Amino acid sequence: FAKDFGGNQYQLFSSSIGQQTNRRLQLEQRLRKALEQNHLEVVYQPKLNLYTNRISGVEALIRWNDPILGVVSPDEFIPIAEETGMIIPIGKWVLEKSSQQNGEWNKSGYPPIHVCVNISSKQFLQDDFVKMVQQVLQDADLEPKYLNLEITEGIALYKIDDTIEKLLHLKQLGVSISLDDFGTGYSSLSYLKRLPIDYLKIDRSFINGIYEDKQDFAIIDSIISLSHSLGINVVAEGVEDELQLKTLRQLHCDEIQGYYYAMPMTAEKVNHFFDEKGEYLLDRRTLVTTGG
Ligand code: C2E
Ligand code: MG
Ligand code: MG
Ligand code: MG
């Protein structure tokens, strides 16, 4: 599978080694400050279920708007957070924040959705990871079934037996698991059957070309068939237009995420989104039906 090289490449080739080191150091220092001073935020991108035609969940995505550096992309600072270990407190914070938020959505009467949280490998490999997740859920008063953890192929393959054990433990709690960015790593379709995952997210680099590129189409077709035969739901990432959506429906893809359906947005905007899409508050819906 081909790898999707993002926007970072330009920066890599256009700056000298010295400038890069400077930027790297500055990012590290500013990120530490951002964490201390609460300059990090979480936005949520709705995911659409193609069978119910309704929102099924949201993915929590971290945002950093630094007073000095401006907006820094997670693709740039998450790797630094991983290298420095800052990902441990940052990742925990995202988990807490988004679980609390989802608890609030649930309690305010919107139809229940799950929140998907990206977990980096360093975080997942912590000995107390499962305990930490359990504690966060308890503190947020959120049922485990409303939490989905997104892991990547890299984590899944590293010490696969330990990974499987940890995933099974999480699933016993009731938490569901997604395999993120599928197709960009060292994908081996054979290990899919061993991993206790609920969702597979096809990386957006394959979705781009779905109706022009016969190979991308064929790859997606076979990923979906194989996943379904293993009882895994498929989510297509980065769906940007109607034709991609139509093609994915034809291929029996279960869910989509992408700018076509919804952008990542603040928690407050998700409330408006619920309202716009007719995802009425439960009590309001009761009023409508009983009021005839
Ligand atoms: P990801 O988990 O694969 O998240 C999806 C990324 O695709 C997000 O980028 C999202 O904004 C973007 N996206 C969604 N729909 C579309 C679309 O239709 N077109 C295009 N071009 N892009 C779309 P974002 O928010 O910049 O995050 C980038 C990556 O950073 C994430 O990829 C994830 O790997 C990582 N990340 C973000 N938040 C966290 C976090 O809280 N913890 C960890 N460990 N990683 C995170
Ligand atoms: Mg993700
Ligand atoms: Mg992804
Ligand atoms: Mg990614």
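Everything discussed here concerns the structure shown above.
Not measured: the values here are computed from a predicted model.

With that settled, consider the overall build of the protein. The helix and strand tally for the protein stands at 13 helices and nine strands. Counting across all 292 residues of the protein, residues that qualify as buried make up 47%. At a minimum sequence separation of 6, the contacts of the protein that also span at least 24 residues come to 69%. For the protein, the accessible surface area stands at approximately 15000 Å², while carbon and sulfur atoms represent 51% of it.

To continue, consider the nonpolar core. Counting 81 residues, the largest nonpolar core has Leu149 and Leu170 as the members making the most contacts within it. Sorting elements by how many residues they give to this core places helix α6 (residues 129–140) first, with seven residues. In contact with Leu170, other than residues within four places in its own chain, are Phe124, Phe129, Val130, Val133, Leu149, Val175 and Ile177.

Attention shifts here to the coordination of the magnesium ion (ligand 3). For the magnesium ion (ligand 3), the full set of protein donor atoms is Asp180 (OD), Asp181 (OD), Glu237 (OE) and Glu237 (OE), at a range of 2.0 to 2.4 Å. Going along the chain, you hit the donors of the magnesium ion (ligand 3) in the pattern D-D-x55-E.

Here the focus is helix α2 (residues 17–36). With 20 residues, α2 should cover 28 Å at 1.5 Å per step; its first-to-last C-alpha distance of 29 Å lies within 8% of that length. On the buried face of α2, the contacting elements are β1 (40–49), β2 (54–66), β3 (70–72), α3 (74–84) and α4 (87–107). Asn38 sits one or two residues past α2 and shows a positive phi near 60°.

All right, on to the site of ligand 1 then. Contacts to ligand 1 come from 23 residues, most closely from Arg63, Asn118, Asp180, Glu240 and Tyr259. Take Asp181: an N or O atom from its side chain is 2.9 Å from an oxygen atom of ligand 1. Taking Glu240, its side chain carries an N or O atom lying 2.5 Å from a nitrogen atom of ligand 1. Burial of ligand 1 by the surrounding chains reaches 86%, relative to a free accessible area of 800 Å². Contributions of two or more residues to the shell around ligand 1 are made by β2, α3, α4 and β6 (176–182). With four residues, the top contributor of residues to the shell around ligand 1 is β2.

Packed helix pairs are characterised by how far apart their axes lie and by the angle those axes make with each other. Closest axis-to-axis distance for the α4/α6 pair is 9 Å, and the angle between their directions is 35°. The handedness of the crossing between α4 and α6 comes out as right-handed. From α4, Lys92, Leu95, Glu96, Ser99, Gln100 and Lys107 reach across to α6, where they touch Met132, Val133, Val136 and Ala140. In the contact of α4 with α6, the residues fall into five nonpolar, two polar and three charged.

Before going further, it helps to spend a moment on unusual backbone geometry. We note that Asp141 has phi near 55°; this positive angle belongs to a residue other than glycine. Position of Asp141 among the secondary structure elements: in the loop between α6 and β5 (147–152). The phi torsion at His252 lies on the positive side, around 65°, for a residue other than glycine. Considering the arrangement of structural elements, one finds His252 in the loop between α11 (242–250) and β9 (255–257). Overall, the relative accessible area of 49% leaves His252 in the partly exposed class.

So, how was this worked out
Residues numbered from 1 in each chain as written. Chains lettered and ligands numbered in written order. Predicted model: local features only at pLDDT ≥ 70, side-chain atom pairs only at ≥ 80, totals over all residues. Heavy atoms only, no water. Helix = DSSP H or I, 4+ residues; strand = E, 2+ residues; numbered from the N terminus. Buried < 20%, exposed > 50% of the residue type's maximum accessible area, 1.4 Å probe, protein only. Contact = heavy atoms within 4.5 Å. Areas by Shrake-Rupley, 256 points an atom, 1.4 Å probe, with all protein chains shown as cover. Core = buried A, V, L, I, M, F, W, Y, C linked by side-chain atoms within 4.5 Å. Donors = N, O, S within 2.8 Å, 3.2 Å for Na, K, Ca; no water. Expected span 1.5 Å × (residues − 1). Near = heavy atom within 4 Å. Polar contact = N/O pair within 3.5 Å; in protein donor to acceptor, adjacent residues only side chain to side chain. Axes fitted to C-alpha atoms, helices over the stretch in contact; angles between N-to-C directions. Left-handed = near helix turned anticlockwise from the far one by under 90°. Nonpolar A, V, L, I, M, F, W, Y, C, P; charged D, E, K, R; others polar.

It is worth stressing that arrangement in space is one thing and function is another; only the former is reported here.
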